[in-house]
Structure formats: structure tokens, C-alpha cells
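Listed below, chain by chain, are the residues.
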Protein chains: 4
Amino acid sequence: MSTQYKRIKEEAYAANMRLPELGLVLFTFGNASVADHDQGVFAIKPSGVDYPQLRPDDMVIVDFDGNTISGDLRPSSDTKTHAVLYKHWPKIGGIVHTHSQYATAWAQSQRDIPLYGTTHADHLTTDIPCAPPMEDAMIAGNYEYETGFQILNHFEQQGLDYEEVEMILVANHAPFTWGKTGDKAVYNSAVLEYVAKMALFTEQIQPNAARMKDALIKKHYERKHGAGSYYGQ
Amino acid sequence: MSTQYKRIKEEAYAANMRLPELGLVLFTFGNASVADHDQGVFAIKPSGVDYPQLRPDDMVIVDFDGNTISGDLRPSSDTKTHAVLYKHWPKIGGIVHTHSQYATAWAQSQRDIPLYGTTHADHLTTDIPCAPPMEDAMIAGNYEYETGFQILNHFEQQGLDYEEVEMILVANHAPFTWGKTGDKAVYNSAVLEYVAKMALFTEQIQPNAARMKDALIKKHYERKHGAGSYYGQ
Amino acid sequence: MSTQYKRIKEEAYAANMRLPELGLVLFTFGNASVADHDQGVFAIKPSGVDYPQLRPDDMVIVDFDGNTISGDLRPSSDTKTHAVLYKHWPKIGGIVHTHSQYATAWAQSQRDIPLYGTTHADHLTTDIPCAPPMEDAMIAGNYEYETGFQILNHFEQQGLDYEEVEMILVANHAPFTWGKTGDKAVYNSAVLEYVAKMALFTEQIQPNAARMKDALIKKHYERKHGAGSYYGQ
Amino acid sequence: MSTQYKRIKEEAYAANMRLPELGLVLFTFGNASVADHDQGVFAIKPSGVDYPQLRPDDMVIVDFDGNTISGDLRPSSDTKTHAVLYKHWPKIGGIVHTHSQYATAWAQSQRDIPLYGTTHADHLTTDIPCAPPMEDAMIAGNYEYETGFQILNHFEQQGLDYEEVEMILVANHAPFTWGKTGDKAVYNSAVLEYVAKMALFTEQIQPNAARMKDALIKKHYERKHGAGSYYGQ
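As named in an unreviewed UniProt entry, chain A is L-ribulose-5-phosphate 4-epimerase, taken from Sphingobacterium corticibacter. UniProt, in the comment section headed Catalytic activity (unreviewed entry), describes chain A in these words: "L-ribulose 5-phosphate = D-xylulose 5-phosphate". Database annotation for chain A, UniProt heading Cofactor (unreviewed entry): "Zn(2+)".

Here's what the structure looks like:
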């Protein structure tokens, strides 16, 4: 492997391999990428290749306009969505897309996931947003590219900050998560699935369940984030 | 093993062994077969044999009228259903029958599985059909043979194409899936279970969940199928 | 190990060890026994011993009145229930008691499990019965002994045959299953859990789900049982 | 490792490692501690360290006022909650905190878990209590310290005995369990999750499910606890 893309290929490979381990993908229903913003490229899983066959050097190098720069295989069919996000959100280093079961069910329901507890608030202080279905013209056009803009536009309209809210559901589709690294994006996909599952159970136990109080949301988020955080080493 | 049926025996064995690995069968509640249309026969799992004991050479060779051609063991009790499908649908090379839990629950509910998201649309553009319960006379007669015709008739009445819709639920019974190969039929059984599970969760999260819009159904199906497809290598 | 009880000790040990493998017990929440009707005794798991520590020779030998005949350990706290069933039902060779999650939830709901599909009908032609809660006097008295009679009485009142219906739920408690052998009793516990799970999902998908039609119940049961059966080898 | 804290470090390590094995934690969402009341200290998991990296000597030694006595790493962010409980409840030797999915969903629903069956009654004779959300001032102040008092106060107000009821849900947060040893506290966390899961299923099967009758609650608890107990060896 040439050294130019070695780091992002290896990190993207590792991130992809974590997805089936964490029970987040069936067959090839997911993809992870890792970016190098200095070189303006990212490494992403090739399309439709089974995880057991995957090798680090199979990762495809793509620029932030979605052009393949290096690699023998065709990149993930969702590549342009990744490209749009990297181009507009300069501080993210990894993106993960899965069809994990509970998060996808919320996406199919076109509902934001309400903030019901501290597990959720440890990671973000808002409901987990669900972007609305795209207009027919966007779907018929450059679909995966437009999916990226659907995500960007929803964040802008809702006044969300991509460095604080590192996950979204796309209506009738599935979740996307991101983070400063590929590892963090994978972590966020697992957290999202866990929170999505507990939110469904919560509504089944108590159909009138209320969002958690603001004071507790603020406290839990600040335990893990910002200047006064005291979680971890 | 004689060479005449070697390929289909080995492929049928491999397909059967994948079913417990994928969590689709308990004990012996399932069977897979692989056909050789040139010879007019298929290899199928013997009835009631536990998976750990199964060997490739145990597969029973049966013709498309359901007669055993070769093999020391009695074939699966569902053999005639497989025979009817192979006889009338010349382009399928493999069939799988399971009692996987979520798909079977939909069958027991006598409901088609609504198309709620892209995971479903990546594989077919219609709801997953549920054939109605059979008439008493058909049940009391040549039951497994008639089950095959129940499937054929439902596809004809609904105007479905077996090359596009590779799965069905039989009311109060369980799913059948098929495909060009045994591998593809197994894959379809796992996809069906995954989609069935998410469809239930979707209705639990949003009791008024709506089917996905047509433009998105069309787009996702065409990403993976037909002349303009761009998924996979 | 003396040879007198060797067979039933080994079979009871094997049956007990299958329970955690099949996901039917947490910690020590279950027990299996195997009877020797000629000697009028059965071998049963000692009370509260963790599965990884269990050895065949730990099985306790008890007679059909519940007296310990041989063994260094105290037998399962449910021993007298097993004794009553062996004493009155001479054709059963094994009994299993678990707190498996879905079957236990039906028991806690005090509902019979409706016959919704062929997976159920392959094993019995009636709903899975749930015995009502015991009278306070029976509970305060010889509780585990009376639990056995609660089961016997419910079968008699409902006109059920213990050789055809090999399982019951005891209200607010949990399931008991039995069979000609310890293996068959274990098998029945796994089938019950599987059917209990799918019955809940069925009602969630279709709140007005109907019992399966009689013709299909009869057909599926007769495929596996009786003179004209044609399932298995 | 110095011998002074060797026992509690090793027991705390073992208790922590059991949590992912039992499926009770994702990533680092949980912590276990073990106390030495003679020395007035407890050993607790360091904050945010992944389980595969954890070693016995990483356990942090903390006194019952929450001061770190020994250790190179920062203790769990929930340390002060553990400290308060050890200080006021002298007979507990271990505490476990998880975000296990079903128990946490009940906490998010702000509901006690009703006593629906013998699995629950084998361990406690009351509903599993859920402490109400804390006042904003308590949250903004010394939050984890106040969480301990929220638990103590709820037990006092409800007239519960911490030696009989070894578990609680904290509203919108998650469960805490304890016991005479670290092992017992872990055991209680697994039992709580199991009971929480079956209680949800029970209400789904029977929305009007009733609490189990008192005579049966008393009987099952006394089988396992007190002078006349006859469960175990």
C-alpha cells in the first residue's frame, strides 16, 4: 500500500469492520469512511463487498466532490453523501451509515427520537433529528448528492451544530453519524441504536412519557463535554 | 458422491447450513433446495435431520413432480411445494423455507408487509405479499403440492413477477423465498426477516406510518437492479 | 458413579445443560429431570447450583413421593411438582421447568397462548393452556406439591391429554414442559418459547388476529404425529 | 499490587468484567464497586476506560466521603453516589450501576416495575421502586452526591429496607443495584433487567395485567430468604 493514503485506508477499514461486530449491519447494509482534510480526500468502503472479504487496501479514495482518486473498486453507492458532508463540515473526520434496526425504524416513522434519559443526554442535548423525505425532483436527480444537502439543510433550518449533534435520521431511509474520527462515528452509530431501542421501549411502558427536564439534560451533557467535563481520563 | 448431482447437493447443503448461522431456524424448522433445470431435478434437505448431523451427501434428489430420484433419506415434508415452484418458474435456482420469527408473525397476522423504507425498496418495489389461507379441500388433499399452487395463484392474481418479487408469506404458515441461486434464496430469507422486524417496530413507533413515496421506491430499486444500476462491483 | 442410576443421571445432566445453551435460563432459573419408571425414581438438578459447576453425579435421585433416595445435595426446590407429575402420568420420561422470557410473560398475563400458526400446530392442536393461580390455602400449604396437582387438575378440567399437550403455563409463575424423554422435554421448552414469542408479535402486528382454521391445525399435527405422519426419517 | 486493597480491587475488577459478559453494558455505560467497611473505602472502576483494557490494579480506592485514597486514574463519574450509599447502608458490600436497556426504559418511563410473577417475588416482595426526578437545585449542585441522597430518601419515604430491596431505578436515568458482595450486586442487575423485560412483555400481552396475589409473593420470597428458606444448598 502506498503511504499517501495508508492512515485513512486503515482507519476506514477498521471502522467498517466494527459495524458487523457491533450488530449494526446485515450483509453489506452499511459503510464507513475516514477523511484526510489536508489532502481533501476520504477513504470509503467499496460497494457491495462482503465484510469477510474486505481488506484495508480495498478502500477507495474519493475527493470531496465525489470523484474517485485511487482504487480498483467502485466506491459505496452512498459516496456522494459522504463527500457533501466532508466538504461542508470541515471538522468531521469520519462518517458512518447503517440500516441498524431500531434507528431505521424511527427513520421509517419520520419521527425525531425524543430525549427521554441520561443515556441520550450524555451525548447530545436535543432530540435526535429526522430529516424529512426529499422532494421528488431531488430523488430523481443526483440522489446521493442531494441526500447530503438534505442533511445540511435540515441542520441549518433546525439551528443544529454538527459538532454537538453528531447523528441524523433520514426519513424512510436510515441513520448517518459522524465524528472527529472514524472510531467516534462508529461509536455514535452504536449509541444511536441503543438510544433508539430504549426510546421505543419507554413509549411502550409509558405512552405519555415526557422529555427529560432541562436541568438534567444540561448536567449530563456537561459531565462529558466542555471545559468543566469530568468523565473519562 | 457421484458427479451427476454433486454441484446441487453441495450448494443445497451450504444453503441449509447458512440458515441456523443467520438465526433463521430453530431445530429443523426450515429447508433449502437448489435446482438443476437441465436435468429437471433439485437437491433438498432430508426431513427432520438436525443441522449438526447433516452432510452434503444426505441431500435428496427429487424431480419437478416431487418424485425422489436419488437418496437414502426421505426428503423434506415441504418438498412438493418446492417442486411446484421449480416446475412453473424456470428461472429460479434455489428456494428457502423458514419459520423465522418476525416474518412468520406477519404471516400469522395475514398481512402484507408494507414498504416503509429503503431497506425494503433496495430489494423489491411492492409490499411483501401474504397469500391467503388455503381452502379446506386443498388442505385436506395434497397439501404441500397445493401450497405451491397457492403461491403461484397469488402471484398471478396480484400481477407480481417472480423474478422481481422473490419472497412471499403464506397465511398462518411462514415465509418462502427464492432466487437465481441457493445463496440468493438464503440472502432473501435474511432480508425478509430484517425488513419484517423493522416494519413491526415502525408501526409501534408511529401507528399511522405511511408507505414510502413512489419516487424513492423507484430510485432505490434501480440503484441495485436493471441497466442503470450502480450498486456493487 | 454407581450403575443403578447412571442413565437417568447422565440424561438429566445433559437436559439441564441444554437449557442455558438454548437461552432458556438465566443463572439457576430452571431445572430438568429424567425418570426411571421401573425403579420409581427420577434424577433432578440440585437446587441453586450454577450450570458451569454442575456435574452428572450431582443429580439427586428422588422417588415419586418426593423423598430423596440418593445424592449429597438438596434437590431443586420444585422437586415435588416433578414428583406429582411422574406419579400420575406414567408415560412421561422427562420434565423441564424454566422461566424463559416470553412464555413466562404469557404466564404472568394469565392467558392461554392462542394457536396462530403452523409452528404451533406442528406440536399441538390446542391453545397452550395456562393454569389459573392457586388458592391461598394451597400456596401456604405444601406449595410445590400442590403446583403439581394444579397442573393435573387443569388438564382434567380442560379435557387435555398429557401425551398430546406436553406443556403448560402456571399463572404468575412460569412454564413446565414434559415428554417421553428428557431431550423431548427440553425440545418442548424451546418450542414453547419460540411460539410464545411469535404469538406476541402476531398480536402486535394484528390486534384482531384470529386462530388458525381447524383444517390446517389438523393437517399440520398429522404430518408429524400418528399413523399417517410423514415428517422426519 | 499492595495487599491492603488487593481483595476489593480484585472483586471490583471481576464484578465490572461481568457486566459486558451479561449484556448489561455498551462501551463504558456502567460501573461496579466493592467496599471494605473496616477500612472505610471502596474500589471502583476508573471513568471511561474500555472493558478490554481494564486491569485489577486500575481500580481506584475511594473513601465513603468520595475522596480518592489511592490510584492513578480518575474514578467513575458516579463515584459519589456509591460513596453515599456505602456510608449510610453499612451492610452492603457491592454496588452496580448500568444503563441496561429494559430497566433503563422503565426508569425513563418514571414507573415502578409491578410485581407480576414469581421470578420477581423470588428476589423481593414489592414493586421495584423508581425514585422521582431530582429537583433542579440538586442537579445543578453536587449532582452525583445528591443522587445518592435521592435514593436514600426514596427508600425512607416508601418504608423500604435496603437489605430486602436491593435495587432501584432513578427516574430518567438508570438502575442501581447492591448486595452483600460485588457478585450479588451484579446478580441483582441481571435479575432486574430480566424482570424489567418480562414486565413489559406482560403488559403487552395483557394491558390489564394484575399484580400477583400476596400469598404467592410471600411464599416465593420465603422459599429463598429467611429462617425457613429451602432454595439452594
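Our focus in this paragraph is the overall build of chain A. Looking only at helices and strands, chain A has 8 helices and 8 strands in total. Taken against the 2.2 N^0.38 rule, which gives 17 Å for 233 residues, the C-alpha radius of gyration of chain A at 17 Å falls within 12% of a compact globule. C-alpha atoms of chain A, sized along the principal axes, occupy 55 × 45 × 35 Å. Counting every position in chain A, which comprises 233 residues, the buried fraction comes to 61%.

Glancing now at the relation of the copies chain B and chain C. Rotating chain B by 90 degrees about the axis while translating it 0.0 Å along that axis superimposes it on chain C, leaving an RMSD of 0.0 Å. The transformation relating the two chain copies, once decomposed into turn and shift, fits a four-fold axis. For chain B, the minimum C-alpha distance to the rotation axis belongs to B:Gln204 and amounts to 5.8 Å.

So, about the packing of aromatic side chains. Taken as a whole, this structure holds 52 aromatic pairs over all chains when the rule is applied. Consider the rings of C:Trp89 and C:Trp178, whose centres lie 4.8 Å apart with planes at 55 degrees: the pair is tilted. Separated by 89 residues along the polypeptide, C:Trp89 in the loop between helix H2 (79-88) and strand S5 (94-98) and C:Trp178 in strand S8 (residues 175-179) bring together distant segments of the chain. For C:Trp89, a relative accessible area of 7% translates into the label buried. Look at C:Trp178 and you get buried, because its relative accessible area is 0%. Three or more aromatic residues joined by ring pairs make a cluster, and in this case those are A:Tyr102, A:Phe201, B:Tyr102, B:Phe201, C:Tyr102, C:Phe201, D:Tyr102 and D:Phe201. The aromatic ring of B:Tyr231 is capped on one face by B:Lys224, whose charged end is 4.4 Å from the ring centroid.

All names here are of chain A. Structurally, Glu 11 is set in helix H1 (residues 6-21). Residue classification places Glu 11 among the partly exposed positions, given a relative accessible area of 32%. Taking the C-alpha atoms as reference, Glu 11 lies 11 Å from Asp 57; in sequence the two are 46 residues apart.

Tracing the chain through its elements places D:Asp78 in the loop between strand S4 (68-70) and helix H2 (79-88). Within polar-contact distance, the side chain of D:Asp78 engages the side chain of A:Arg223 at 3.4 Å. Setting aside its immediate chain neighbours within four residues, D:Asp78 contacts A:Arg223, D:Asn31, D:His97, D:Glu144 and D:His173.

Let's shift gears to the interface of chain B and chain C. Every contact between the two is made by 37 residues of chain B and, on the other side, 33 residues of chain C. Summed over both sides, the interface of chain B with chain C buries roughly 3200 Å², with 55% coming from carbon and sulfur. The closest approach of N and O atoms between B:Asp78 and C:Arg223, which form a salt bridge, is 3.4 Å. At the junction of chain B with chain C, the criterion picks out 22 residue pairs in polar contact (both at pLDDT 80 or more). Contributing elements (two or more residues each) for the side of chain B that touches chain C: helix H3 (101-108), helix H5 (136-140), helix H6 (143-158) and helix H7 (182-205) of chain B.

In the UniProt entry, the feature "domain: Class II aldolase/adducin N-terminal" (unreviewed entry) is given for residues 10-200 of chain A. Secondary structure content for residues 10-200 of chain A is 39% helix and 18% strand, while the C-alpha to C-alpha distance between its ends is 36 Å.

Let us now look at unusual backbone geometry. In this structure, C:Phe27 is a non-glycine residue whose phi angle is positive, near 50 degrees. Within the secondary structure, C:Phe27 sits in the loop between helix H1 (6-21) and strand S1 (30-36). For C:Phe27, a relative accessible area of 18% gives the class buried. In the Ramachandran plot, D:Asn172 falls in the positive-phi region, its phi being about 65 degrees despite a non-glycine side chain. With respect to the element layout, D:Asn172 can be found in the loop between strand S7 (167-170) and strand S8 (175-179). The exposure class of D:Asn172 is buried, given its relative accessible area of 2%.

This part covers the relation of the copies chain A and chain B. Its rotation angle being 90 degrees, the transformation that places chain A on chain B also includes 0.0 Å of axial translation and leaves an RMSD of 0.0 Å. Counting the interface residues of chain A, we find that no more than 3% of their copies in chain B are interface residues as well, pointing to two distinct contact surfaces.

Moving on, we come to the pairing of S8(C). Residue and element names in this part refer to chain C. Counted residue by residue, S8 has 5 buried out of 5 residues, so it is predominantly covered. Residues Pro 175, Thr 177 and Gly 179 point to one face of S8 and Phe 176 and Trp 178 to the other, with burial holding for every one of them. The pairing of S5 with S8 spans 4 bridges and is classified as antiparallel. If you follow Val 96 over to S8, its bridge partner there is Thr 177. Pairing analysis gives 3 bridges linking strand S7 (residues 167-170) to S8, with the strands arranged antiparallel.

Further remarks concern the interface of chain A and chain B. Contacts between the two partners involve 37 residues from chain A and, on the opposite side, 32 residues from chain B. When the buried area of chain A at its contact with chain B is split by residue, A:Phe27, A:Gln101 and A:Gln108 rank highest and sum to 20% of it. Joining chain A to chain B, the criterion identifies 3 salt bridges. The interface formed by chain A and chain B contains 22 residue pairs in polar contact (both at pLDDT 80 or more). The element best represented in the side of chain A that touches chain B is helix H3 (residues 101-108) of chain A, accounting for 6 residues.

What follows deals with the packing of H3(A) against H7(B). Two elements in contact, H3(A) and H7(B), have axes whose closest approach is 8 Å; the angle formed by their N-to-C orientations is 55 degrees. Considered as vectors, H3(A) and H7(B) are oriented oblique to each other. Seen from above, H3(A) lies across H7(B) with right-handed handedness. Contacts between H3(A) and H7(B) pair A:Gln101, A:Tyr102, A:Thr104, A:Ala105, A:Trp106 and A:Gln108 from the former with B:Tyr194, B:Lys197, B:Met198, B:Phe201, B:Thr202 and B:Ile205 from the latter. Taken together, the residues that form the contact of H3(A) with H7(B) break down as 7 nonpolar, 4 polar and 1 charged.

As a further point, take the arrangement of the chains. Nothing in chain A touches chain C, and the closest approach of their C-alpha atoms is 12 Å. The two units chain B and chain D are non-contacting; their minimal C-alpha-C-alpha distance is 12 Å.

With that settled, the discussion passes to the sheet that holds strand S2 (residues 41-44) of chain A. Residue and element names in this part refer to chain A. In spatial order, the strands read S4-S3-S2-S1-S5-S8-S7-S6; together these 8 strands make up an open sheet with mixed pairing. Each having just a single partner strand, strand S4 (68-70) and strand S6 (130-131) make up the two edges of the open sheet. Strands strand S1 (30-36), strand S5 (94-98), strand S7 (167-170) and strand S8 (175-179) of the sheet are contacted by helix H7 (residues 182-205), whose axis makes an angle of about 140 degrees with S8.

What counts and how
Residues numbered from 1 in each chain as written. Chains lettered and ligands numbered in written order. Predicted model: local features only at pLDDT ≥ 70, side-chain atom pairs only at ≥ 80, totals over all residues. Heavy atoms only, no water. UniProt positions renumbered as here; feature names shortened; annotations may be inferred. Helix = DSSP H or I, 4+ residues; strand = E, 2+ residues; numbered from the N terminus. Rg over C-alpha atoms; globule rule 2.2 N^0.38 Å. Buried < 20%, exposed > 50% of the residue type's maximum accessible area, 1.4 Å probe, protein only. Least-squares fit on C-alpha atoms with pLDDT ≥ 70 in both. Phe/Tyr/Trp six-rings, centres within 6.5 Å; stacked < 30°, edge-to-face > 60°. Lys NZ or Arg CZ within 6 Å of the ring centre and 35° of its normal. Polar contact = N/O pair within 3.5 Å; in protein donor to acceptor, adjacent residues only side chain to side chain. Contact = heavy atoms within 4.5 Å. Buried area = accessible area lost by both parts, 1.4 Å probe. Salt bridge = Lys/Arg side-chain N within 4 Å of Asp/Glu carboxyl O. Pairing = 2+ DSSP bridges. Axes fitted to C-alpha atoms, helices over the stretch in contact; angles between N-to-C directions. Parallel < 35°, antiparallel > 145°, perpendicular 65-115°, else oblique. Left-handed = near helix turned anticlockwise from the far one by under 90°. Nonpolar A, V, L, I, M, F, W, Y, C, P; charged D, E, K, R; others polar.

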